[in-house]
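Here is what each chain is made of, one letter per residue.
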Amino acid sequence: MKNLCLKMLMSTLLIFAAAPLIATVLEELTLEQLVADSKLIFEGKVLDVVVNTQDELVYSTVLFEVAKVHKGDGLVSDQVELRFLGGSDTSLIVEVEGQYVPAVGEHGLYFVTDPDNYQVNPLTGWGQGYFPVFTGEDGNAYLDLRNHPHYAFLDQGENPLMKKMQGMNFSKDAISAKFPKSEQFPLDDFLAAVQSLLEE
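Residues numbered from 1 in each chain as written. Predicted model: local features only at pLDDT ≥ 70, side-chain atom pairs only at ≥ 80, totals over all residues. Heavy atoms only, no water.

A short note on the pattern of salt bridges
In step 1: Counted by the stated rule, this structure contains one salt bridge.
In step 2: The residue Lys39 makes a salt bridge to Asp114 at a minimum N-O spacing of 3.4 Å. Placement of Lys39 in the loop between helix H2 (31–36) and strand E1 (40–54) and of Asp114 in the loop between strand E6 (107–112) and strand E7 (130–135) is noted, with a sequence separation of 75 residues between them.
In step 3: Owing to a relative accessible area of 14%, Asp114 belongs among the buried residues under this scheme. (Salt bridge = Lys/Arg side-chain N within 4 Å of Asp/Glu carboxyl O. Helix = DSSP H or I, 4+ residues; strand = E, 2+ residues; numbered from the N terminus. Buried < 20%, exposed > 50% of the residue type's maximum accessible area, 1.4 Å probe, protein only.)

Structural notes on unusual backbone geometry
In step 1: The phi angle at Asp55 is positive, at roughly 55°, despite the residue not being glycine.
In step 2: Locating Asp55 in the fold gives a position in the loop between E1 and strand E2 (57–71).
In step 3: Judged by relative accessible area, which is 65%, Asp55 ranks as exposed.
In step 4: At Glu56, a residue that is not glycine, the phi angle is positive and equals roughly 65°.
In step 5: When you line up the elements, Glu56 lands in the loop between E1 and E2.
In step 6: For Glu56, a relative accessible area of 35% translates into the label partly exposed.

Printed below as a string of structure tokens:
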């Protein structure tokens, strides 16, 4: 009976809590929106994920090692924890449709709505707030933009990131020549675009 009541409670909770969030997830955020809606932007690596139960709900708390903060202040150490609703804790499992929880070992650039305010998913735009970072064959750091197809440079300059790069004296031809793959974009150039938005 308890399990049935818990399932009904979770269904009700997710209907009310997730309905507006699903609309947010489906809305593709521009770079401007992503930067403006984030109180914290940092590059880091996932050190640990701890799953626990609180008030009959399961949460996954992700511990990040922060390499560099690009927006936000108040971090008193080089680590930050973010809590996500959902996970598997012994016999209790809570699944949230469309939920993305970073895994141990992931290295990325993270956009966080508000690290001090618990939400179903603390990343801005859910999965849109995560950009994987990897080291290319040339030894430089790149973003993997495969989960951000609307940031690709294939739309004749209508993309906000393309416009920012052109504003920094990169022509479209130069960008196409330097960045032939939209899924491999130089981290430094992306951060320069973010910084230009922060300075506006």
